[in-house]
Number of protein chains: 4
Amino acid sequence: MYNFRTDLALERRDLYRKAHNIQEEIDGIEAEEESLGEQKEEQINISRVKVTNENGEKAINKPIGNYITIDIKNFKNISQDGIQKTSEIVTNELKKLIQNQIADLDPILVVGLGNIYVTPDALGPKVINEIDITRHLLQYMPEVLEEGTREISAISPGVLGTTGIETLEILKGIVENTKPKLLIVIDALASRSIERISSSIQLADTGIVPGAGVDNTRKEISKNTLGIPVIAIGIPTVVDAATIAADSLTLLIQEVQNNGESNNFLNKLQEEDKYNLIKEVLSPEEYNFIVTPKEIDGLIEKMKDVIARGINFAVN
Amino acid sequence: MYNFRTDLALERRDLYRKAHNIQEEIDGIEAEEESLGEQKEEQINISRVKVTNENGEKAINKPIGNYITIDIKNFKNISQDGIQKTSEIVTNELKKLIQNQIADLDPILVVGLGNIYVTPDALGPKVINEIDITRHLLQYMPEVLEEGTREISAISPGVLGTTGIETLEILKGIVENTKPKLLIVIDALASRSIERISSSIQLADTGIVPGAGVDNTRKEISKNTLGIPVIAIGIPTVVDAATIAADSLTLLIQEVQNNGESNNFLNKLQEEDKYNLIKEVLSPEEYNFIVTPKEIDGLIEKMKDVIARGINFAVN
Amino acid sequence: MYNFRTDLALERRDLYRKAHNIQEEIDGIEAEEESLGEQKEEQINISRVKVTNENGEKAINKPIGNYITIDIKNFKNISQDGIQKTSEIVTNELKKLIQNQIADLDPILVVGLGNIYVTPDALGPKVINEIDITRHLLQYMPEVLEEGTREISAISPGVLGTTGIETLEILKGIVENTKPKLLIVIDALASRSIERISSSIQLADTGIVPGAGVDNTRKEISKNTLGIPVIAIGIPTVVDAATIAADSLTLLIQEVQNNGESNNFLNKLQEEDKYNLIKEVLSPEEYNFIVTPKEIDGLIEKMKDVIARGINFAVN
Amino acid sequence: MYNFRTDLALERRDLYRKAHNIQEEIDGIEAEEESLGEQKEEQINISRVKVTNENGEKAINKPIGNYITIDIKNFKNISQDGIQKTSEIVTNELKKLIQNQIADLDPILVVGLGNIYVTPDALGPKVINEIDITRHLLQYMPEVLEEGTREISAISPGVLGTTGIETLEILKGIVENTKPKLLIVIDALASRSIERISSSIQLADTGIVPGAGVDNTRKEISKNTLGIPVIAIGIPTVVDAATIAADSLTLLIQEVQNNGESNNFLNKLQEEDKYNLIKEVLSPEEYNFIVTPKEIDGLIEKMKDVIARGINFAVN
């Protein structure tokens, strides 16, 4: 199967159409776009991709469900106002997804995946630190809360590499013991495009189902495995270094062909996955090399504010 | 009951003896001291307090079991060599406690309590990041490990205030799903003496049983609640601000009495807990004020190295 | 001279009046108060203390000039809106102080004192990281800036303990080479009251003149030493542990006397500084013990936003 | 001139020889290698490249002087022992460079370039925090130091992007005011090879002279500009994303040619710089994209220990 090297449904749909030279929409996929904000500076685009049947599922290797991508232009220089506006869009979209699944006061567990000690992977744990939790107050001092406060709890389970425990195993125990009705999972994603790094947000009501992202070995975190609906909030924070290399090669091949210099060898290359060829460039296999903006530390801080506020106002 | 305002068994025993004017050992308590290192600079003292019966239990409000306190002199200026030596002492003591409880290859889960975002409370999570875990390797790629590698996993469950979930609830689920035979729990403690802040280590084979420490509301993490033995590694990182105030008052009263100026009012104060009197000084109740060395960030980094190496060599 | 153990002019004036039983204002001091915000939750008080002559100077050991203290109620739970409102107050007050000293486009150097690796001392360096600097753009690519942009540069010179160089020596060289017309210096202060920790802001047009604060050995940073006006923005982030102890003793003595149990010894103590008595409590002299809220890490993050935005809008 | 896209003299010499098909040594360059450590695990290689005349200077665009590169194998998994051993090698090499330039007790200023808030750029400031400084003690309390202690001071001047001030301008003032006889400057470099990221160390006695590294606009920090000798310690922490792309293209072209499928267009491409071609891949120009190991945060911590200990023992 095609290696998309992206976790974004929107990018996968675009890649699939391009690869198969499809002009119309893929059967089993519905898509629409919306553009907010007149100011060019802080324009925000919302794309809604819906996978409606098995054919769509197979095409982009993402389960049936809704995938909403929020793209923020020039996020690097976003103002406090822009952060606020973006978080309100997250709140609106998230609220709709939650209301489709559970009742108004049903308890929610927010899960921040990732490793706090690895900058581009620290978003999830950082968001958790800002979530307004209420579960302990409802238990021990309900008098300080307003009537009709939803029960919110939050956890950063760490990553397999530092715990030795599958995230799913940790979450299973917590779900059994604390009985939330819905999970919101924040996760750092791989994107195909470096333009999207820490400036796009994907909301999905299908949970986290490992596909062709950076880390294929993770176990599914979804209704299938946990028994309750799982909303995933994914933010691209890295591009695989091999993606950059492979994309460069594709460009070169196109250039060669545009110049009418095509030859059999290049045509053959075109069809293969170029990964093998570029392994030599990216040899030190014990490392996991990533492409990231130099400013990633600051971008993660801002995105944390957007996501945390987005969730805090959506769940209350 | 007496408010010890310390989690260290050693300090409680001393306070109890002083308060009751006991010269000999308390019935139900055994204690011994050992001094290592000739260099005055990096002298290390080991105190072993054993609670042997219910009377001892009541006296210091600590369950029957072993409490080993390692005091490092001048930890602030400790060298790399000193860190190494201290970690070896932790390894030795910890190894004995582990061997008393489980077999050589029985799996162990290491738990780092505390909040990574609050400096004096971040020790537990920081240690977890340095633990050599093997559980996932034993499952997915055992060929990279030597024969006879123990299964080690590790987790930072966060704190009630940021998760909304009791630590015990989180650990119960993980213990059920991953089936370790023993828990090692790292925890930041309150001490009575500012000399001990981040320069003492208490090992206990009784788990964590909330007593008169800073945070009385926590649920017990022990064999009683989890069904497997729990070894606690506690490091004092704060002194309650009220302790400093109360100790100052005690000193004043003694001074007054030593000067033969005693009066009834002071005598009465002596017997009461002075907490009410000093509430006015420490009024802003929504804050949790602590006394800590200005250098606490650096001390926590060094102590993390001691504890992580101490554990890594004890469990393998 | 009296050891105020606070850097806030407002607290010194109050302590002086109390100590000398003065009801009216001190000769050489003028003071006024203003209260903003109706919502009890986020009420902000502004106090303006003006030292007008040498007598005032001597009384509170602060040079002639203006000292504006902004107190924010319940800063711990402040909302994004509250942070914005507070920063606007800082902008207003700071703008007036700047306009009194220099012309509209005169260059300004912002200096963040403190040690980034010591949490309660990290405010200055953290603010510097958020200042909108323009000096390099004016030099290398003025076309990206609007007409009439002021030249702003910023520096974190570190602390004597990690550089071995007096801050004044570092700043002298930079002022000579880059020729700003005014300095804004951000500094963490000691306060007398734990209520003020990270919830008060003092603006002063007199620079930083070491008095009875935590660190007496620092050299003056002011017009006297640098030749250009220096505006200081100070935020209390710690209380000296000895202050808590001494205040507890004072309370006890008052209590004793209120109960008609006064005696000569206590009367004498009342007049002396109790520091000697409490040295025993606070013995480990190699450490610098401080009292701070457990939540100091989070408070510093919020205060950083207030101060950085306050400055960014005041200078442009 | 050739764009080396590396700051390492060793890599430049290799690239130059390859590009010009030179088998013997370049005129004006001398080079030798040394291999330490038998254990494959922690093998350390030392390469000494000496630029001896103007021809050598022009060939690799590095001034006349000594360039020592220390390569550590498998730095990612280095033990405490390995860190210690590597730091001793740094000490030995650094000591020789210092002794060539100044007398035994001549004062030294250690400068940590870089931005503490950008992980791959934070090495310099982090090292500064660990340097054993003595200058303030020699001034204020010489009695605590041993006879014959060298005067050491240290500074992190920040980066142009956050200060608005050229590093050279800041250093000039400090050198004038504090009068050191030698500067040791720590700097994060760009490397050509991802294998070298945070596992190589380059010592040079020529200071920092901007060449074809990531950041060409910096001003020279050297004896020419400061009047005292400058030893540079550079550690590769990033590879420019464009380097990965360009290297992929080179590989492809070679592959095509090896397959006897060479054609004119590819030959032409070979001669040009492929940068223009790959600009399309790396379009978002406002970001500075880098390739870095996912584990960079942890690598920087370990490298900090190596460099700080290396310096501390070399200067005393």
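Residues numbered from 1 in each chain as written. Chains lettered and ligands numbered in written order. Predicted model: local features only at pLDDT ≥ 70, side-chain atom pairs only at ≥ 80, totals over all residues. Heavy atoms only, no water.

Trainee: Explain the overall build of chain A here, please?
Mentor: Within chain A, the regular secondary structure consists of 12 helices and nine strands. Across the 316 residues that make up chain A, the buried fraction comes to 58%. Put simply, chain A shows about 13,100 Å² of open surface, and 44% of that area lies on carbon and sulfur atoms. (Helix = DSSP H or I, 4+ residues; strand = E, 2+ residues; numbered from the N terminus. Buried < 20%, exposed > 50% of the residue type's maximum accessible area, 1.4 Å probe, protein only. Areas by Shrake-Rupley, 256 points an atom, 1.4 Å probe, with all protein chains shown as cover.)

Trainee: Sorry, what's going on with the relation of the copies chain A and chain B here?
Mentor: Relating the two copies of this chain is a rotation about some axis coupled with a shift parallel to it. By a simple turn and slide, chain A fits onto chain B: the slide is 0.0 Å along the axis, the RMSD is 0.0 Å, and the turn is 180°. This pairing of chains is accounted for by a two-fold axis. Measuring from the rotation axis to each C-alpha of chain A, the shortest distance belongs to glycine 173 of chain A, at 1.9 Å. Of the residues that chain A buries at the interface, 100% are likewise interface residues in chain B, meaning the two copies contact each other through the same surface. (Least-squares fit on C-alpha atoms with pLDDT ≥ 70 in both. Contact = heavy atoms within 4.5 Å.)

Trainee: Just checking my understanding: could you explain the pattern of salt bridges for this structure?
Mentor: Pairing is possible between side chains of opposite charge, provided their charged atoms come close. Evaluation of the coordinates by the stated rule reveals 64 salt bridges over all chains. Across the pair aspartate 14 of chain A and arginine 13 of chain A runs a salt bridge, and its minimum N-O distance is 3.2 Å. We classify aspartate 14 of chain A as partly exposed; its relative accessible area is 36%. The partner of glutamate 301 of chain C in a salt bridge is lysine 126 of chain C, with the nearest N and O atoms 2.6 Å apart. Of the two residues, glutamate 301 of chain C sits in helix 12 (residues 296-315) while lysine 126 of chain C sits in helix 4 (residues 123-128), which places them 175 residues apart along the sequence. (Salt bridge = Lys/Arg side-chain N within 4 Å of Asp/Glu carboxyl O.)

Trainee: I keep staring at the packing of helix 7 (residues 167-178) of chain C against helix 7 (residues 167-178) of chain D and nothing clicks. Help me out?
Mentor: Helices that pack against each other are described as a pair by the angle of their axes relative to one another and the distance between those axes. Close contact between helix 7 of chain C and helix 7 of chain D brings their axes to 8 Å; oriented N to C, the two are set at 125°. One finds that helix 7 of chain C runs oblique with respect to helix 7 of chain D. Judged by the twist between their axes, the crossing of helix 7 of chain C over helix 7 of chain D is right-handed. Within the contact between the two elements, helix 7 of chain C uses Glu169, Ile170, Lys172, Gly173, Ile174, Glu176, Asn177 and Thr178 of chain C and helix 7 of chain D uses Glu169, Ile170, Lys172, Gly173, Ile174, Glu176, Asn177 and Thr178 of chain D. Classifying every residue of the contact of helix 7 of chain C with helix 7 of chain D gives four nonpolar, six polar and six charged. (Axes fitted to C-alpha atoms, helices over the stretch in contact; angles between N-to-C directions. Parallel < 35°, antiparallel > 145°, perpendicular 65-115°, else oblique. Left-handed = near helix turned anticlockwise from the far one by under 90°. Nonpolar A, V, L, I, M, F, W, Y, C, P; charged D, E, K, R; others polar.)

Trainee: So what exactly am I meant to see when it comes to the interface of chain A and chain B here?
Mentor: A common way to report how large an interface is uses the accessible area buried once the components associate. At the interface, 32 residues of chain A touch 32 residues of chain B. Approximately 2,500 Å² of surface area, both sides summed, lies buried where chain A meets chain B, with 54% of it carried by carbon and sulfur atoms. Residue glutamate 169 of chain B is joined to arginine 135 of chain A by a salt bridge in which the shortest nitrogen-to-oxygen separation is 3.0 Å. When contributions to the side of chain A that touches chain B are tallied by element, the ones reaching two or more residues are helix 4 (123-128), helix 5 (135-140), strand 5 (152-155), helix 6 (160-163) and helix 7 (167-178) of chain A. The dominant element in the side of chain A that touches chain B, judged by the number of residues it contributes, is helix 7 of chain A, at eight residues. (Buried area = accessible area lost by both parts, 1.4 Å probe.)

Trainee: How should I be thinking about a nonpolar patch on the surface in this particular structure?
Mentor: All names here are of chain A. A cluster of nonpolar side chains, contributed by Tyr140, Met141 and Val144, occupies part of the molecular surface with about 270 Å² of accessible area. With respect to the helices and strands, methionine 141 occurs in the loop between helix 5 and strand 5. With a relative accessible area of 35%, methionine 141 lands in the partly exposed category. (Patch = residues over 30% accessible without salt bridge, like charges linked within 9 Å, V, L, I, M, F, W, Y side chains within 5 Å.)

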